[in-house]
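Examination of the molecular architecture
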2 protein chains.
Amino acid sequence: MIQERIEKFRQKMKEYQATVYVVPSSDCHESEYVCAHYRAREYLSGFTGSAGTLVITLEEAALFTDGRYFLQAEQQLAGTGICLFRMGEPGVPKVETYVKEKLTEGGKLGFDGRVLGAFQAEELSRAAKEKGAGVLMTEDLVGQIWADRPGIPDSVLYLLGEHVTGEGTGSKLKRVRRRMEEEGADAHVLASLDDIAWILNLRGGDIPHVPVVLSYLYMEKDACIWYVRSQVVTEEIREKLSEKKVQIRAYEAIYEDLKRLPGGSKVLLDKKKVNSRLYFCLPEGVEVLDRKNPSEAMKAVKNEIELSNLREAHRKEGLAFTRLMRRVKTHGVEEELTERSAAEYLRQCREEQEHYLDDSFAPICAYGEHGAVVHYSATKESDRRLEKGGFFLVDAGGHYLEGTTDTTRTFVLGETDEEQKRMFTAVCRGNLHLAYARFLYGCSGCQLDVLCREPLWEMAMDYRHGTGHGVGYLLNVHEGPNAIRWKLPEGRESPAVLEAGMVTTDEPGIYLEGKYGIRTENELVCKTGVKNEYGQFMEFEILTMTPIDLDGILPKEMTRQERAWLNAYHAKVYKTLAPDLSEEERAWLREYTREI
Amino acid sequence: MIQERIEKFRQKMKEYQATVYVVPSSDCHESEYVCAHYRAREYLSGFTGSAGTLVITLEEAALFTDGRYFLQAEQQLAGTGICLFRMGEPGVPKVETYVKEKLTEGGKLGFDGRVLGAFQAEELSRAAKEKGAGVLMTEDLVGQIWADRPGIPDSVLYLLGEHVTGEGTGSKLKRVRRRMEEEGADAHVLASLDDIAWILNLRGGDIPHVPVVLSYLYMEKDACIWYVRSQVVTEEIREKLSEKKVQIRAYEAIYEDLKRLPGGSKVLLDKKKVNSRLYFCLPEGVEVLDRKNPSEAMKAVKNEIELSNLREAHRKEGLAFTRLMRRVKTHGVEEELTERSAAEYLRQCREEQEHYLDDSFAPICAYGEHGAVVHYSATKESDRRLEKGGFFLVDAGGHYLEGTTDTTRTFVLGETDEEQKRMFTAVCRGNLHLAYARFLYGCSGCQLDVLCREPLWEMAMDYRHGTGHGVGYLLNVHEGPNAIRWKLPEGRESPAVLEAGMVTTDEPGIYLEGKYGIRTENELVCKTGVKNEYGQFMEFEILTMTPIDLDGILPKEMTRQERAWLNAYHAKVYKTLAPDLSEEERAWLREYTREI
């Protein structure tokens, strides 16, 4: 099927004289996850991962993806004729290098300008020019062959009050405008959906598990225009926004509006966060100030109300996760639970909690060897029954009105051998070393990552993904600019300095292909600690409230300090969750949060 | 005296209409340490530290230095009227910012173009232009008031054979030329003395404790000119270099030669490693390729012969240090040893070793509160007698024909209290965590630094200096591009990725002003370890061979792993040193390398 689609697509390419065509994974807003309508790369390649770029030439097809998806892509691309390029591995070219190599004089590079980011489009266009090739950026060729393409959803929008957000839209607009002024910008163009949702204190559901609204925002000192499909805006929202002097215009109108910007204007935008069609709409004479969106750093720092809400969200998520853990470990095998039915049960446990809105991403429930596929997603065909022995890895999260969660626990089913316990313990030790680190202000996750990895590196093991990512507040489960990673993929910016209020995950793992996967993930909020003559010390508070399965722990592999950390964490988990548990559940939790 | 000099200097400034004058600490080669002739900054300010920039205006005088020298500068500047600027502290401006602020329209910025680096001179000249001020870069105004200025030494030069360097000059020239070709350079200008000494396999002694020769090197594809004061070159050296097609010309002739370079030539040079006069000699039309000197990365990676020699150098240094340790700890107090006489004894112990050439830097022997001055240097006046109780910190190194060493040990004299032992133990733990780290290839010292600091950060302590620096091979004791540091002072480049063969120090410390200082420094050589599906793992070998004083160690504060590391290290120290010790010394060493 994939081969047929690609053949059909090549006919289209020939029709438009395109010799190389690039299909990225994003929508018009450079989103990481996209709604079904925008899954062109998936449609054409069969690869369902969230990150990956497909490059089609008249003879070849290449998919570029990162370490999280190597195994999955290999499986999904088998038999399609598409060649897998493992990004970051030695000798693997960058997408730009590959495209440039494939372009020939008189050839033509094609892409859909609405979905390819401005930064990458500029790079690729430059490469095309250098090779004497043309560029076609106005045509969505995938759309032309995609017969039953899904539509764009009209999800329900809702406004968030200050008891949820801790800061009104007026204040947020003011702060962004102050930064615009500091940068000397007359205007600011935003396409990133989470920034827009954060500024407007508005949520929707236009992308599965991402509570955002497909829209653009245009700001000046005294004006603000929200470009959105009018059918989804209620009268109440229109009124509320009008109070903040936010005008509403048609979603697609931004393209024509940008073309009419006066020459000499200075426009602040992030080339990596706007699509290239928007960017190329800016008339000559407009100066682009290519900066991070000011709202990116602002929304990463959660305010006191958000933090207090988040603790509540994690208490609820902890109850759900702990109930899943108990069921899986005590009756999972007899009850013939499967990866999918366990996920369903977790969702039910969440639904019992007040203010639960949605899962924050498609859960990863992976038994045995499936756990080694970092971003495994159980399908009807792959769904496995839990069995005695082995690990069951669950990476899942929820959106509550009090915020977004992201937790991973690996449950030990029955007996496990010493070697597996050593691995499980090392992952736990890495997790604790980061969570309990004290560090001087000024550190970013680039410097701290090694604390988490060292227990694995000692054993000559590693995990091929970052240690942690920022988490949005009732927003994207992956959010910048904070992250914990020592290695920067080419072109990726260094993680931001950790500020008090930033929430980042801490998720080391071990993945043995064909055998099992272990990952333990907590969310950490950065806080100020002691301040003395050496500077401002910072530390973390663990938000996640779910036991780390003691059946996988070898206490003798841990130092006294590490055991004390784990015991302190478990004591807090017990204290936080116990009041809402049944007596039976409480007795079980006491056992699984016991001191070691 | 300082005030008088500054007043006299201001008269000179007025004579030349200079309103702001910058006096850096370097010589014509941007050296870190300089010979007496070039100590203009010290002459004018009284501050003797190795790093610091003096800025004089007609009304004010400001000295900028870094954290290593805060205490010392404070003491030495007292009463001079010079204001101390603590670089890197919050709110302290950069030199460039300060200079710019002080310049006014119609004013004039002055500096000696021979000693101010090209990069900084360009930045400062730009600032002057922006403020509408002129620039005077041809006059050495300090020289004009410096009556009894010392001359430039005529030290003895010597060539090193391949049994010392492991690689001949021909091969080194070839490697550098290959890099020139890759960069598309027609010519390459080198002013950095260690690069030149490394390429030519030549050593001298033009700077105290730095075995280099004041000279410049100019390279083309087929030509190489060494600009050096002809009186120091022997016939033998002339012949040997001529075999490698290296011509010799007068030291100062390079300035006129550069002026005659043909337009259109591409010249590779490192703006941070050539003085501004050289740089501004390049005629219009010459294209500068501002790159690191290719030899910098090459000489940082020690070859197998150098490494095997280095092990021998460290064995010798270990014997000397261990003898000092034994004497200090067993008889130091009764014998009324002082900071200076202990340093002298260490030198004697070194001199007993074959192939000892010189100290690699002025030793830091600091008893009690002197230890808190990171770069303390005992003078006749400050010299203190060792007493029972307290710490004696010795940071010293030697040049041997087999390489350069740099060691710090802190000796416990008599009884010390629990709190002091906790501090001593934390420093030792930090040191061990770095030394025994295993890490994936691709890490630099920026990511690893935290391993060393974490035991101190846990206690809300820190040290205000990098964790480690590269060490030259019979060359500069501070050498790039490798280093261990998490925090980058503004404008400083990130440490290089650690390559097998790089030698870096590992020197955490604790400094309590007015009380004591503790530092434990080993040199580490980076080596390749296991290679598996996760990548190439790297590890360190400890070169330094001297006990870490067990009288300061609290075993209960250490993990089993940490004790095992320390025991393994001490076992190796004993095994390495024992064969050359007397029976009495050996018995003592056995005690001080015992298992804990």
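About the thresholds
Residues numbered from 1 in each chain as written. Chains lettered and ligands numbered in written order. Predicted model: local features only at pLDDT ≥ 70, side-chain atom pairs only at ≥ 80, totals over all residues. Heavy atoms only, no water. Least-squares fit on C-alpha atoms with pLDDT ≥ 70 in both. Contact = heavy atoms within 4.5 Å. Phe/Tyr/Trp six-rings, centres within 6.5 Å; stacked < 30°, edge-to-face > 60°. Helix = DSSP H or I, 4+ residues; strand = E, 2+ residues; numbered from the N terminus. Buried < 20%, exposed > 50% of the residue type's maximum accessible area, 1.4 Å probe, protein only. Lys NZ or Arg CZ within 6 Å of the ring centre and 35° of its normal. Salt bridge = Lys/Arg side-chain N within 4 Å of Asp/Glu carboxyl O. Buried area = accessible area lost by both parts, 1.4 Å probe. Axes fitted to C-alpha atoms, helices over the stretch in contact; angles between N-to-C directions. Parallel < 35°, antiparallel > 145°, perpendicular 65-115°, else oblique. Left-handed = near helix turned anticlockwise from the far one by under 90°. Nonpolar A, V, L, I, M, F, W, Y, C, P; charged D, E, K, R; others polar. Pairing = 2+ DSSP bridges. Polar contact = N/O pair within 3.5 Å; in protein donor to acceptor, adjacent residues only side chain to side chain. Patch = residues over 30% accessible without salt bridge, like charges linked within 9 Å, V, L, I, M, F, W, Y side chains within 5 Å. Areas by Shrake-Rupley, 256 points an atom, 1.4 Å probe, with all protein chains shown as cover. Lys, Arg positive; Asp, Glu negative; His and termini not counted. Charge placed at Lys NZ, Arg CZ, Asp CG, Glu CD. pLDDT = per-residue confidence, 0-100. Core = buried A, V, L, I, M, F, W, Y, C linked by side-chain atoms within 4.5 Å.

**Details of the relation of the copies chain B and chain A**
With an axial shift of 0.0 Å and an RMSD of 0.0 Å, the rotation relating chain B to chain A amounts to 180°. Overall, the copies show the geometry of a two-fold rotation axis. Across chain B, the smallest distance between a C-alpha and the rotation axis is recorded for glutamine 447 of chain B, namely 2.3 Å. Same-surface contact between copies: 100% of interface residues of chain B are shared with the interface of chain A.

**Let's talk about the packing of aromatic side chains**
Across all of its chains, the model carries 32 aromatic pairs over all chains by this definition. A centroid spacing of 5.3 Å and a plane angle of 45° characterise the contact between phenylalanine 439 of chain A and phenylalanine 540 of chain A, whose relative ring orientation is tilted. One end of the pair, phenylalanine 439 of chain A, is in strand S21 (residues 439-440); the other, phenylalanine 540 of chain A, is in strand S28 (residues 535-542), with 101 residues separating them in the sequence. Neither residue differs from the other here; phenylalanine 439 of chain A and phenylalanine 540 of chain A are each classed as buried. Both rings, one in tyrosine 356 of chain B and one in tyrosine 400 of chain B, keep their centres 5.8 Å apart while their planes meet at 65°; by these two values the pair is edge-to-face. In this pair, tyrosine 356 of chain B is assigned in strand S15 (residues 356-359) and tyrosine 400 of chain B in strand S18 (residues 398-400), connecting sequence segments 44 residues apart. Classification of tyrosine 356 of chain B by relative accessible area gives buried; the value is 13%. A residue is classified by how much of its surface remains accessible, and tyrosine 400 of chain B, at 0% relative accessible area, is buried. Joined through ring pairs, the aromatic side chains of Phe64, Phe85 and Tyr98 of chain A make up one cluster. We note arginine 453 of chain A situated over the ring of tyrosine 463 of chain A; from NZ or CZ to the ring centre the distance is 4.0 Å.

**A word on the pattern of salt bridges**
Applying the stated criterion to the full structure yields 105 salt bridges over all chains. Arginine 519 of chain A is the salt-bridge partner of glutamate 507 of chain A, the closest N and O atoms lying 3.8 Å from each other. Taken together, the positions of glutamate 507 of chain A in the loop between strand S24 (503-506) and strand S25 (509-512) and arginine 519 of chain A in strand S26 (residues 516-519) put the pair 12 residues apart, joining distant regions of the chain. You'll find glutamate 507 of chain A and arginine 519 of chain A in the same group, each marked buried. Here glutamate 335 of chain B makes a salt bridge to arginine 327 of chain B, at a shortest N to O gap of 2.5 Å. Residue classification places glutamate 335 of chain B among the partly exposed residues on the basis of a relative accessible area of 37%. Through salt bridges that share partners, Lys272, Lys273, Lys292, Glu296 and Glu493 of chain A make up one connected network.

**Some words on the interface of chain B and chain A**
Facing the 32 residues of chain B at the interface are 32 residues of chain A. Around 2,700 Å² of area is buried between chain B and chain A when both sides are counted, 59% of it from carbon and sulfur atoms. Three residues stand out in chain B for area buried against chain A, namely Arg438, Trp486 and Tyr534 of chain B, and they jointly supply 23% of the buried area on that side. Along the contact surface separating chain B from chain A lie zero salt bridges. Here the element with the most residues in the side of chain B that touches chain A is helix H17 (residues 445-458) of chain B; it accounts for eight residues.

**Topic: the packing of helix H4 (residues 95-102) of chain B against helix H5 (residues 118-130) of chain B**
Residues and elements named next belong to chain B. Remark: H4 packs on H5, axes separated minimally by 9 Å, with the N-to-C direction vectors making an angle of 30°. Of the possible angle classes, the one that applies to H4 and H5 is roughly parallel. The element H4 and its partner H5 pack so that their crossing is right-handed. Counted together, Val95, Glu96, Val99 and Lys100 of H4 and Gln120, Glu123, Leu124, Ala127 and Glu130 of H5 form the full contact between these two elements. Grouping the amino acids of the contact of H4 with H5 by side-chain chemistry returns four nonpolar, one polar and four charged.

**Looking at the sheet that holds S18 of chain B**
Pairing between sheet strands relies on hydrogen bonds along the backbone, with the strands arranged either parallel or antiparallel. Residue and element names in this part refer to chain B. Here we have three strands laid out as an open sheet, ordered S15-S18-S19, and antiparallel in their pairing. Since the sheet does not close on itself, it has two edges, and those belong to S15 and strand S19 (403-404), each with one partner. With respect to the sheet, helix H15 (residues 339-351) is in contact with S15 and S18, its orientation differing from that of S15 by roughly 160°.

**Regarding the side chain of aspartate 449 of chain B**
All names here are of chain B. Within the secondary structure, aspartate 449 sits in helix H17. Within the structure, aspartate 449 has its side chain in polar contact with the side chain of arginine 453 (distance 2.5 Å). Once residues within four sequence positions are removed from consideration, aspartate 449 is found in contact with Thr467, Ile484, Arg485 and Trp486.

**A short note on the environment of leucine 268 of chain A**
Residues and elements named next belong to chain A. Its place among the elements puts leucine 268 in strand S13 (residues 266-269). Along the primary structure leucine 268 and arginine 179 are separated by 89 residues, whereas in three dimensions their C-alpha atoms are 10.0 Å apart. Setting aside its immediate chain neighbours within four residues, leucine 268 contacts Met180, Glu183, Ala185, Ala187, His188, Val189, Leu289, Arg291, Lys292 and Pro294.

**Overview of a negative patch on the surface**
A contiguous patch of negative charge, built from Glu235, Glu236, Glu239 and Glu243 of chain A, is present on the exposed surface. Here glutamate 239 of chain A shows up in helix H10 (residues 235-243).

**Let's talk about the sheet that holds strand S8 (residues 187-190) of chain A**
Residue and element names in this part refer to chain A. An order of S12-S11-S10-S8-S13-S14 is seen for the six strands of this open sheet, with the pairing classed as mixed. With partners counted over all chains shown, the strands left at the sheet margins are strand S12 (247-250) and strand S14 (287-290), one partner each. Put simply, the sheet's adjacent strands are angled 25° from each other on average, direction ignored. Where S8 meets S13, two bridges bridge the pair, whose relative direction is parallel. Bridge assignment links histidine 188 to a residue of S13, and that residue is leucine 268. Lying over the sheet, helix H8 (residues 169-183) contacts S8, strand S10 (215-220), strand S11 (224-228), S13 and S14, oriented at roughly 60° with respect to S10.

**A word on the confidence of the model for chain A**
When pLDDT is averaged across chain A, the result is 96; 100% of the residues are at 70 or more. Here the prediction assigns the complex a pTM of 0.92, and the interface score ipTM is 0.90.

**Here we look at the nonpolar core**
Of all hydrophobic cores here, the largest spans 157 residues; its most connected members are Phe392 and Phe439 of chain A together with Phe392 and Phe439 of chain B. Ignoring sequence-local partners within four residues, the contact set of phenylalanine 392 of chain B consists of Val328, Glu339, Ala342, Cys365, Ala366, Tyr367, Leu386, Arg409, Thr410, Phe411 and Leu413 of chain B.

**Considerations on unusual backbone geometry**
A cis geometry characterises the amide bond from glycine 480 of chain A onward to proline 481 of chain A, with omega recorded as 0°. With respect to the helices and strands, proline 481 of chain A occurs in strand S23 (residues 479-484). Non-glycine residue alanine 460 of chain B carries a positive phi angle of around 60°. Here alanine 460 of chain B falls in the buried class, since its relative accessible area comes to 8%.

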